[in-house]
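Close look at the chain arrangement
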Amino acid sequence: VTQCNPHVDPDCDPHTKKGGLATTFHLSYAETGLLGSLVYLGLTVSSVVGAPLLHWYPAKPILSVGMVVNAGCAALFASARSKWPLLVSRFLVGLSQAFLCIYVPVWVDEFSPLGHTTTWMSLAQAGVPLGIMIGYMASGFIVANTHYTWRLSFWIQCISLIPCVLCFLIIKREYIEVPKEDFGSPSGEVGSPTSPRASPRASMVSNLFREPLFWSASLGLASLYFVVTAIQLWVTPYLHGPPTNAD
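Presented here is a report on the structure given in the accompanying data block.

The rules we used
Within every chain, residues take consecutive numbers counted from 1 along the sequence as written. Given that this is a predicted model, residues contribute local features only at a pLDDT of at least 70 and side-chain atom pairs are listed and counted only at 80 or more, while totals for whole chains, interfaces and linings are drawn from all residues. Hydrogens and water molecules were not included; the side-chain quantities draw on all heavy atoms of the structure. A run of H or I in DSSP counts as a helix once it spans at least four residues, and a run of E counts as a strand once it spans at least two, with each numbered from the N terminus. Here's how the labels work: a residue is buried when its accessible area is under 20% of the maximum for its type, exposed when over 50%, partly exposed in between, all with a 1.4 Å probe on protein chains only. Contacts are assigned to residue pairs that have any heavy atoms within 4.5 Å of one another. Each accessible area is a Shrake-Rupley estimate made with a 1.4 Å probe; only the visible protein chains count as cover when residues are assessed. Whenever Lys or Arg places a side-chain nitrogen within 4 Å of a carboxyl oxygen from Asp or Glu, that contact is recorded as a salt bridge. Only four residue types enter the tally: Lys and Arg on the positive side, Asp and Glu on the negative side, with His and both chain ends excluded. In this description, a nonpolar core means a group of buried Ala, Val, Leu, Ile, Met, Phe, Trp, Tyr and Cys residues linked to one another through side-chain atoms lying within 4.5 Å. Helix span is expected to be 1.5 Å times the residue number reduced by one. A residue's bend is simply the angle between two axes: one fitted to the seven residues ending at it, one to the seven starting at it. Axes, fitted as lines to C-alpha atoms, cover a helix only where it is in contact. Angles between the N-to-C directions of the axes lie from 0 to 180 degrees. Here roughly perpendicular refers to angles of 65 to 115 degrees, roughly parallel to angles under 35, roughly antiparallel to angles over 145, and oblique to all remaining angles. By convention the crossing between two helices is left-handed if the near helix lies anticlockwise of the far one by an angle smaller than a right angle, and right-handed if it lies clockwise. Each residue receives one of three labels: charged for Asp, Glu, Lys and Arg, nonpolar for Ala, Val, Leu, Ile, Met, Phe, Trp, Tyr, Cys and Pro, and polar for the others, Gly being one of them. Within the patch definition used here, like charges are joined within 9 Å and nonpolar side chains (Val, Leu, Ile, Met, Phe, Trp, Tyr) within 5 Å, considering only residues with over 30% relative accessible area and no salt bridge. Residues adjacent in sequence count toward polar contacts only when both atoms are side-chain atoms; beyond that, a polar contact is any pair of N or O atoms within 3.5 Å, and within protein one must be able to donate a hydrogen and the other to accept it.

Another aspect to go through is the overall build of the protein. A tally of helices and strands in the protein yields 8 helices and 0 strands. For the protein, with 247 residues in total, the buried portion stands at 35%. Residue pairs at least 24 apart in sequence account for 75% of intrachain contacts in the protein once pairs closer than 6 positions are excluded. Accessible surface, the protein as shown: approximately 14000 Å² in total, 72% of it carbon and sulfur.

Written out as structure tokens, the structure reads:
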């Protein structure tokens, strides 16, 4: 549920004729693309510092703050009256989501029953596309079939995140925290940030960049997301035009 809810992210189609973002804020195609890309920019920036933070500090408060920021950004987006709050909120959403993206696979590997790690990992990862699908379907239905605009979708997301945050806060720490060795160096040595025995991160990154599988997977994912995001921006205005004239 925690994986699914933040990704409900109801990016109600910007170019929907009735009550869309482009209509409300007079967004160009370039501005619409920027709005969508800022989430991934935030994820990229946060991923650089996410692993060290989760290694040095307890995970529960970091993840809790991330979910609170996510809920706050949904409220900021829903109440925006200009373009700048939209841009800031999307970037902060990416920053806040990266910690869950990093931590969930490690948590699953630590807490899943023996022989069921793959099943748990599949269920956890399925929450992301499931949340996106629910967000698009719900926001599209609201805009097309009610007198409400896209803002209601984000208010619903903000409110639905509150129970997740509360439940997360009352869960005992031992059910969340993963041994810090899992965030250590490949050799298993773990030290403080200032210790000479601290993880040799520069060497670890260098070794990673020399792996052909890493480059192949990264380039494959980059190409896939390039196509998916391009289709998301293009398909709605295409369907609204001739010969389809969808409404």
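From this point, things continue past the structure.
The next thing to look at is the pattern of salt bridges. Counted by the stated rule, this structure contains 2 salt bridges. Between K83 and E31 there is a salt bridge whose closest N-O contact spans 3.0 Å. Remark: E31 occurs in helix α2 (residues 29-56) and K83 occurs in helix α4 (residues 83-111); sequence separation between them is 52 residues. On the basis of relative accessible area, E31 is assigned to the partly exposed category, the value being 28%. Put simply, R173 and E177 hold a salt bridge, and the shortest N to O gap is 4.0 Å. Residue R173 is classed as partly exposed on the basis of its relative accessible area of 44%.

A few words on the side chain of K60. Secondary-structure assignment places K60 in helix α3 (residues 59-78). Buried K60, no salt bridge; nearest opposite-charge side chain is E177, N-O distance 7.6 Å.

Before going further, it helps to examine the nonpolar core. In terms of nonpolar packing, the biggest core is built from 16 residues, with L63 and Y103 touching the most fellow members. Those elements giving two or more residues to this core turn out to be α3, α4 and α6 (151-170). Per-element tally for this core: the top contributor is α4, with 6 residues. Here L63 is in contact with F99, L100, Y103, F168 and I176, once residues within four sequence places are set aside. Counting 13 residues, the second-largest nonpolar core is a separate cluster that includes L21, L27, L87 and W150.

This part takes up helix α5 (residues 117-145). Given a rise of 1.5 Å per residue, 29 residues ought to cover 42 Å, and the 42 Å separating the end C-alpha atoms of α5 matches this to within 8%. Of all the bends in α5, the largest measures some 25° and sits at G127, one to four residues before the proline P129. Every buried residue belonging to α5 is among A124, G127, G131, G135, S139, I142 and V143, and all of these are buried. In this structure, the buried side of α5 is in contact with α4 and α6.

So, about the packing of α3 against α6. Between α3 and α6, whose axes approach to 8 Å, the crossing angle comes to 165°. Looking at the two axes, α3 sits roughly antiparallel to α6. Relative to α6, α3 is oriented so that their crossing is left-handed. Every residue of α6 that contacts α3 at K60, L63, S64, M67, V68, N70, A71, A74, A75, F77 and A78 is listed here: R151, F154, W155, Q157, C158, L161, C164, V165, F168, L169 and I170. For the contact of α3 with α6, the class distribution of residues is 17 nonpolar, 3 polar and 2 charged.

Time to look at a nonpolar patch on the surface. Where nonpolar side chains cluster on the molecular surface, the patch consists of I162, L166, L169, I170, I171 and Y175 and spans about 620 Å² of accessible area. Secondary-structure assignment places L169 in helix α6.

Residues separated by three or four positions in an α-helix point in the same direction, a consequence of the helix having 3.6 residues per turn. Taking 1.5 Å per residue, 28 residues should reach 40 Å; α2 reaches 42 Å between its end C-alpha atoms and fits that length. Its maximal kink placed at S47, α2 deviates by approximately 40°.

With respect to the helices and strands, S96 occurs in helix α4. Judged by relative accessible area, S96 falls into the buried class, the value being 7%. In this structure the side chain of S96 is engaged in a polar contact, spanning 2.9 Å, whose partner is the backbone oxygen of V93. Once you skip the residues sitting within four places of it in the chain, S96 turns out to touch G66, V69 and N70.

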